[in-house]
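Residue strings, one per chain:
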Amino acid sequence: MPELPEVEHVKRGLSPKIEGLTIQDVTFSETVIKAHDAGRKAVVKGEGLDSFKYAVENRVISSIDRRSKYLLFRLGEAEEGMLILSHLGMTGAWFVVEELGEILEDRFRNHVHVIFTLSNGQKLVYSDIRRFGEMRFLPSEEAHPPLAEIGPEPFDEDADIRFLAALSIPKFSRKPIKEAIMHHSVIAGCGNIYATEALFKAGVSPKRRTDRLSLKKKKELFQHIVDVLHEGIAAGGSSISDYRNVNGEAGGMQERLQMYAKSVCPVCQSPVKKAVVGGRTSHYCTTCQR
Ligand SMILES: [Zn+2]
């Protein structure tokens, strides 16, 4: 599943290709049209397909932002506040092409669900193999309450203070630390892969109760989260399953992971333990992580 570094790369890839261009036309795949006709809002959420098309056509894509694992395509003038919100789900990918044939991998090309024709003739294409991703038109960010729940971006200046404060509220202080740091109101964009790596580097067991960690250890953990997300961005994201950037390329971070999905600890060579924490499979070393 794409996490913060991957979504950041999608944003960086798209920005120079589409900012300032106008959406001239939007078309949907047969699969999406049929699902909507049957009352299932596949891929395009919120209003129906006609409303989505009406809302976004003839609008300029002024900029693209990332918030946690969401992409925000800002439409029109900033003060208008309109946007398309996109979440990649498990297998979503965006491409910018002249022709669909430029999407080299069959499984992405065969699962194109939304095509935006832009004012320079290029196509902004959303492909999603498993269709867990979604997009929706919003008149403003406030129109979608889940966006307001998202905690600080890890690279924000005051993110550490807000992270520490969130960990000390009862909702999180009694939870296992991994469950707490993966909650997007504690910190944005720290999913299973990066949480696993940060806990390993900090020497903290994913099952450790949050309020049993010293302030010093929580600060260290925060820094490891920031570092591992930076490393993920620098490596082009991780492509454990189906992540591709805008140019169809996989990331390289999966080569650098030390604990996620490993069977042997790279530090002490102990067998890696697996446990379910907060509903997600966690890999950790019982010797190196306490
Ligand atoms: Zn170890």
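The model shown is predicted, which means the values in this text are computed figures rather than measured ones. (Residues numbered from 1 in each chain as written. Predicted model: local features only at pLDDT ≥ 70, side-chain atom pairs only at ≥ 80, totals over all residues. Heavy atoms only, no water.)

Quick look at the sheet that holds strand β6 (residues 112-118) now. Here four strands make up an open sheet; going across it, the order is β1-β6-β7-β5 and the pairing antiparallel. What marks the edges here is a single partner per strand, and that holds for β1 (23-28) and β5 (92-97). Pairs of neighbouring strands in the sheet enclose a mean axial angle of 15°, with direction left out of account. As defined by bridge partners, β1 adjoins β6 across five bridges and the pair is classed as antiparallel. (Pairing = 2+ DSSP bridges. Helix = DSSP H or I, 4+ residues; strand = E, 2+ residues; numbered from the N terminus. Axes fitted to C-alpha atoms, helices over the stretch in contact; angles between N-to-C directions.)

Quick look at the side chain of Asp-128 now. Here Asp-128 is to be found in strand β7 (residues 123-128). No salt bridge is formed by the buried Asp-128. Its closest oppositely charged neighbour is Arg-130, at 7.5 Å. Apart from residues lying up to four places away in sequence, Asp-128 is in contact with Leu-88, Thr-91, Gly-92, His-111, His-113 and Gly-133. (Buried < 20%, exposed > 50% of the residue type's maximum accessible area, 1.4 Å probe, protein only. Lys, Arg positive; Asp, Glu negative; His and termini not counted. Salt bridge = Lys/Arg side-chain N within 4 Å of Asp/Glu carboxyl O. Contact = heavy atoms within 4.5 Å.)

With that out of the way, let us pick up the coordination of the zinc ion. Reference values for angles at a metal are 109.5 degrees in the four-donor tetrahedral case and 90 or 180 degrees in the six-donor octahedral case. For the zinc ion, the full set of protein donor atoms is Cys-265 (SG), Cys-268 (SG), Cys-285 (SG) and Cys-288 (SG), at a range of 2.2 to 2.4 Å. If you look at the zinc ion, its four donor atoms make angles of 98 to 114° with each other, and the shape they trace is tetrahedral. Cys-285 gets classed as buried once you look at its relative accessible area, which sits at 0%. (Donors = N, O, S within 2.8 Å, 3.2 Å for Na, K, Ca; no water. Tetrahedral: all angles 85-135°; square planar, octahedral: opposite > 155°, others 65-115°.)

Within this structure's numbering, the places UniProt gives as "domain: Formamidopyrimidine-DNA glycosylase catalytic" (unreviewed entry) are residues 2-133. Between the C-alpha atoms that bound residues 2-133 there is a distance of 10 Å. The span itself is 27% helix and 33% strand. (UniProt positions renumbered as here; feature names shortened; annotations may be inferred.)

Pairing within the open sheet is antiparallel, and its four strands lie in the order β2-β3-β4-β8. Unpaired on one side and paired on the other, β2 (61-67) and β8 (134-138) mark the two borders of the sheet. Strand-to-strand twist in this sheet, taken as the mean axis angle between neighbours without regard to direction, amounts to 20°. As defined by bridge partners, strand β3 (residues 70-75) adjoins strand β4 (residues 82-87) across six bridges and the pair is classed as antiparallel. Counted as the bridge partner of Phe-73 is Ile-84 from β4. Running at roughly 170° to β2, helix α1 (residues 4-18) makes contact with β2 and β3 of the sheet. Across the sheet, helix α3 (residues 49-56) lies against β3, β4 and β8, angled at about 60° from β8, the strand it touches most.

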